[in-house]
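Here's the letter readout for the chains.
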2 protein chains.
Amino acid sequence: MAGRVTIKSIAKDLGISHMTVSRALSNHPNVLKETREAVQKRAQELGYVKSAAAMAMRGGGTKIVGLLLPNIVNEFYARFANTMALACEEHSYQLLIHLTNDDLKAESLALEGLREIQAEAVVMVPAPGGTESTSTHLDGMRVIQLIRQRKEKDPASAILVDDAPAIREAVQHLADKGHRHIAYIGADSALSSGRSRLASFRQGLAQAELPEETNLIQTGVPSFEMGREHTAEILQQKQATALICGGFEISNGALNAFMDASEQSAPQMSFVGYGDPSFYSWINGGISTIRVPVDRLARKAVDILVSSQTDGPSNPLTFEAQLVVRK
Amino acid sequence: MAGRVTIKSIAKDLGISHMTVSRALSNHPNVLKETREAVQKRAQELGYVKSAAAMAMRGGGTKIVGLLLPNIVNEFYARFANTMALACEEHSYQLLIHLTNDDLKAESLALEGLREIQAEAVVMVPAPGGTESTSTHLDGMRVIQLIRQRKEKDPASAILVDDAPAIREAVQHLADKGHRHIAYIGADSALSSGRSRLASFRQGLAQAELPEETNLIQTGVPSFEMGREHTAEILQQKQATALICGGFEISNGALNAFMDASEQSAPQMSFVGYGDPSFYSWINGGISTIRVPVDRLARKAVDILVSSQTDGPSNPLTFEAQLVVRK
DNA sequence: GTGAAAGCGCTAACAG
DNA sequence: CTGTTAGCGCTTTCAC
């Protein structure tokens, strides 16, 4: 139990120099095959592992990538983390997850932590309201923004979702089914995604030649609770006959409100959710939704990490969301 | 862009020795207040962060804990990871997640990776079929086994779930409702949890004075697919009128099979799931289930990490699962 | 109060 | 083929 096993301890044990051990273990050509095998065998027995700290200090990378998510219970983020973790294992990266809860302070804390351990890259869903000053001093850490983009002219790469066509299609679809009063709940303009989704919804209305009804458009800081409450309100107003959600958490919250409401009466409002958790296809005979290609996003994130080791920030990459009609 | 900011680079910049910088930054008493402030200001400007690698090499800990999970899409594991990540942030630990997919090779690979970076502890759901030899050479890394326990006499701590009472209660509950043919799908005996859950189910049958019907008891390597297939079989047999599941993935798979089946006809079989994802309370007017206190498990895991810094392995901790009756 | 030296584990660059 | 030296960033120990 006398401390860690190091190349030096192995060297002493074998009565040779630590350099020979180092070379033997990294399969350097200039080692007698005999010696190499003896060293490798002994190292195995002793349970030697290279110190990542020492490697990091010498300038080798850390093979650690950070992932900053608002939370991970939401199935969208869980799927993303899952796929990304899998892809990371493939490339022998380690995935360090921090939860920000969409809070800026938590976010900078997490970033600082990653900087301390010299993470090679961060994939992050930027918290709402951050400015460029939030991301000062990123050192050599590559940053990939996910879904939301903090600054148009950001030095970081971005993986975005173009949900505009899907949202417009959703409105059109509902209009075609005869709905004249379509409500919308989404994030407010503090988020780039909030702005663009709302704009798409409005475009959809215009396209379907429906008027905008301000009391049917609700925005705010996105959360499960927020979605639930606004949906309850809209339900109470009894004006809208359909609802489109522009956010993962919001969508789940809305669904919850529907379930609560349908226990008493059955107001049967048409609904288009956001994101596509597995159970959306089960309940109520299937929930229509705007599906985001989460696996492809995650794969792409890792792709960027492994491929553009040296490249500069790539252009924002955009994946198209897709309307899935069910119900 | 001339490399990282280090205490030396700051020292040179200020024309003092790197030692003074070190002392100033760690608020050592023996530094002129004037000097200290100048140093701290400059460090801030330059965006200095302590090198975690250097600290680790000097013997300070890494503040990294690993988490090994089969997958993270399953809401139970997602919740666990979420709560644990939150608790980790509170104690300024970093959470490194590896997905094992219940595969032994992936598991040892992950453990080795964690050992390389000198993780201070691992919380792991042991993959099925592993022996003690799987966990050789854990160095100073504390290990906490979750849900499943690999060896009774294991040197590692364990956080377990005692679901025996809940499973017996579930059987009794179904029997009380008049069910005479109750099916069970669970993990096979390669898992300690598989063994004990099946035993509990049998005890429940005995207690309710129901006979064991071997064709209604299905075990195997737990997975979504496995649950789905066995449920489909049982549905086809048209013998059982109720089903109890003994596994998270299995339970979801079973649910899927039910949903598929109910699209054609409505066989209406009573069902008790395992684990309590949020949507279980919504669909079909509520799914009865065996709820595992996941948040408490996660909190306890971190508690153990922070408190027993020096203590030996604590006794296996057990939390009681709870039958939630809905439908 | 401040500085210089040593060493944590490892490898690149020189000796032999 | 093998060994020695030096240095990555940091703190502990001992000088001044």
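Per an unreviewed UniProt entry, chain A is named LacI family transcriptional regulator, and its organism is Halocynthiibacter halioticoli.

*Asks:* Please provide a residue-by-residue account of the overall build of chain A, values included.
*Replies:* Along chain A, the regular secondary structure elements total 11 helices and 12 strands. A compact globule built from 327 residues should have a C-alpha radius of gyration of about 20 Å, whereas chain A, at 26 Å, is more than 25% larger. Overall, chain A is about 85 × 40 × 30 Å in size when its C-alpha atoms are taken along their principal axes. Out of the 327 residues belonging to chain A, those deemed buried represent 53%. At a minimum sequence separation of 6, the contacts of chain A that also span at least 24 residues come to 67%. As presented, chain A carries roughly 14700 Å² of accessible surface, and 49% of it is formed by carbon and sulfur atoms. For chain A, the distance from the average site of its 33 positive side-chain charges to the average site of its 36 negative ones is 8 Å.

*Asks:* Describe in detail the sheet that holds strand β7 (residues 217-220) of chain A, supporting the description with residues and values.
*Replies:* Residues and elements named next belong to chain A. Read from one edge of the open sheet, six strands run β7-β6-β8-β9-β10-β12, paired in mixed fashion. Of all the strands in the sheet, the pair left with one neighbour each is β7 and β12 (322-324). Here the strands of the sheet are splayed against their neighbours by 15° on average, with no regard to which way each runs. Where strand β6 (residues 182-187) and strand β8 (residues 242-246) come together, five bridges link them in parallel fashion. Considered in β8, the bridge of Tyr184 is made with Ile244.

*Asks:* Describe the UniProt feature "domain: HTH lacI-type" (unreviewed entry) in chain A, naming the residues involved and giving the relevant values.
*Replies:* UniProt's entry tags residues 5-59 of chain A with the feature "domain: HTH lacI-type" (unreviewed entry), counted in the numbering of this structure. As a span, residues 5-59 of chain A carries 65% helix and 0% strand, and end to end its C-alpha atoms are 22 Å apart.

Analysis parameters
Residues numbered from 1 in each chain as written. Chains lettered and ligands numbered in written order. Predicted model: local features only at pLDDT ≥ 70, side-chain atom pairs only at ≥ 80, totals over all residues. Heavy atoms only, no water. Helix = DSSP H or I, 4+ residues; strand = E, 2+ residues; numbered from the N terminus. Rg over C-alpha atoms; globule rule 2.2 N^0.38 Å. Buried < 20%, exposed > 50% of the residue type's maximum accessible area, 1.4 Å probe, protein only. Contact = heavy atoms within 4.5 Å. Areas by Shrake-Rupley, 256 points an atom, 1.4 Å probe, with all protein chains shown as cover. Lys, Arg positive; Asp, Glu negative; His and termini not counted. Charge placed at Lys NZ, Arg CZ, Asp CG, Glu CD. Pairing = 2+ DSSP bridges. Axes fitted to C-alpha atoms, helices over the stretch in contact; angles between N-to-C directions. UniProt positions renumbered as here; feature names shortened; annotations may be inferred.

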